[in-house]
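Structural overview
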Amino acid sequence: MTVNLEVAEGVGTLRLDRPPMNALDVVTQDRLKELAEEATRRDDVRAVVIYGGEKVFAAGADIKEMQAMDHTAMVLRARGLQESFTAVARIPKPVVAAVTGYALGGGCELALCADFRIAADNAKLGQPEILLGLIPGAGGTQRLARLIGPSKAKDLIFTGRMVKADEARELGLVDRVVAADQVYAEAHAWAAKLAQGPAIALRAAKESIDTGLETDIETGLAVERGWFAGLFATEDRERGMRSFVEEGPGKAKFL
């Protein structure tokens, strides 16, 4: 399989496995969607890591496969391409991308679907589609601009240039830079910590933030308000408040 889902300690790792560069062909895209939806459904998956292995995250789409596609073929495929990435973005649980080596084109777009990005100090990220006479087609024009702002996104997309890990952090494209041999461990630790948290509240927080970024503030506030009140019906809310009153902050156990 070109993508696998491995689950341990409440953390599901979506592992790309298409050597040597984890090129995201149609089969891989469809498999990614299938496993993202599985991670969404599974109660034993409480947080997710997206990982391409020690050497490379994903160097982009399979260009040879794309070269053979004409306009009609891509019209039929473009929605499926976007839906595979959107399935990752809509996992209602904390998701962290562990970025090693190259994360270019579709690889960068996949990292953008995560809530948090930890990169190796030797990582290189970018949206080089313009160099092929194309634009990003798996959400890059939308998610990158929302993450780092339109001007910075246009710089990367218009030029197609790659950025190293330190510049990516300065731009806000990644959140943390660590030694290459520590990327997965750091990402798994981030996910494992959140896997111990209140699952429904984390889902509420993610949906409220993401919805607010995609709509006007009044709609976002309405979503927040509904979730906030609704959480008062959960056992986690009772447990968290009781622990706060009896033991002090930060000591509640939600599992």
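The structure we're discussing is the one just above.
No experiment lies behind these values; they were computed from the predicted model shown. (Residues numbered from 1 in each chain as written. Predicted model: local features only at pLDDT ≥ 70, side-chain atom pairs only at ≥ 80, totals over all residues. Heavy atoms only, no water.)

**A word on the packing of helix α5 (residues 140-148) against helix α6 (residues 150-159)**
Heads up, the condition is: In this analysis an axis means a line fitted to C-alpha atoms, helices contributing only their contacting stretch, and an angle means the value between N-to-C directions, from 0 to 180 degrees. Helical segments are the DSSP runs of H or I of at least four residues, strand segments are the runs of E of at least two, and each set is numbered from the N terminus. For classification purposes, angles smaller than 35 degrees are called roughly parallel, those larger than 145 roughly antiparallel, those between 65 and 115 roughly perpendicular, and all remaining angles oblique. Each crossing gets its handedness from the near helix: less than a right angle anticlockwise from the far helix is left-handed, clockwise is right-handed. For this analysis, residues touch if any pair of their heavy atoms sits within 4.5 Å.
Between α5 and α6, the shortest axis-to-axis distance is 7 Å and the interhelical angle comes to 135 degrees. Accordingly, the angle class assigned to the pair α5 and α6 is oblique. As α5 packs across α6, the resulting crossing turns out to be right-handed. Between α5, through G140, T141, L144, A145 and I148, and α6, the contact on the second element is made entirely by P150, K152, A153, L156 and I157.

**Regarding the sheet that holds strand β4 (residues 95-99)**
Under the convention used in this document: Two strands qualify as a pair provided DSSP detects at least 2 bridges between them.
Pairing is mixed in the open sheet, where six strands are placed in the order β1-β2-β3-β4-β6-β9. On the outer flanks of this sheet lie β1 (3-8) and β9 (176-178), each paired with one strand and no other. Each strand axis lies, on average, 20 degrees off the axis of its neighbour in the sheet, ignoring direction. Strand direction decides the pairing type here: β1 and strand β2 (residues 11-16), joined by six bridges, are antiparallel. Bridge assignment links V3 to a residue of β2, and that residue is L16. Seen against the sheet, helix α1 (residues 26-41) touches β1, β2 and β3 (47-51) and runs at an angle of roughly 25 degrees to β1.

**Observations regarding the environment of Q82**
Definition in use: Summary of the burial criterion: residues with accessible area below 20% of their type's maximum are buried, those above 50% are exposed, and those between are partly exposed, where the area comes from a 1.4 Å probe applied to protein chains only. N or O atoms closer than or at 3.5 Å make up a polar contact, with two conditions inside protein: a donor-capable atom paired with an acceptor-capable one, and, for residues adjacent in sequence, both atoms drawn from side chains.
Relative to the elements of secondary structure, Q82 occurs in helix α3 (residues 71-89). On the basis of relative accessible area, Q82 is assigned to the partly exposed category, the value being 41%. Residues Q82 and G137, spaced 55 residues apart in sequence, show a C-alpha to C-alpha distance of 7.1 Å. Once residues within four sequence positions are removed from consideration, Q82 is found in contact with G137 and A138. Of the polar contacts made by the side chain of Q82, one reaches the backbone oxygen of G137; its length is 3.4 Å.

**Quick notes on the packing of aromatic side chains**
Short version of the rule: Aromatic pairing here means that ring centres of Phe, Tyr or Trp (its six-membered ring) are within 6.5 Å. Orientation follows from the plane angle: under 30 degrees is stacked, over 60 is edge-to-face, and everything else is tilted.
Applying the stated rule across the entire model yields three aromatic pairs. Measuring from centroid to centroid gives 4.7 Å for Y51 and Y184, while their planes differ by 35 degrees, and the two rings are tilted. Placement of Y51 in strand β3 and of Y184 in helix α8 (residues 183-195) is noted, with a sequence separation of 133 residues between them. A relative accessible area of 26% places Y184 in the partly exposed class.

**Focus on the sheet that holds strand β5 (residues 102-104)**
Reading across the sheet, the three strands line up as β5-β7-β8 and stay open at both edges, with mixed pairing between neighbours. Bordering the open sheet on either side are β5 and β8 (162-164), each of which pairs with just one other strand. Mean inter-strand twist for the sheet, computed between neighbouring axes without regard to direction, equals 20 degrees. Both strand β7 (residues 124-126) and β8 contribute to a ladder of three bridges, which runs antiparallel.

It is worth stressing that arrangement in space is one thing and function is another; only the former is reported here.
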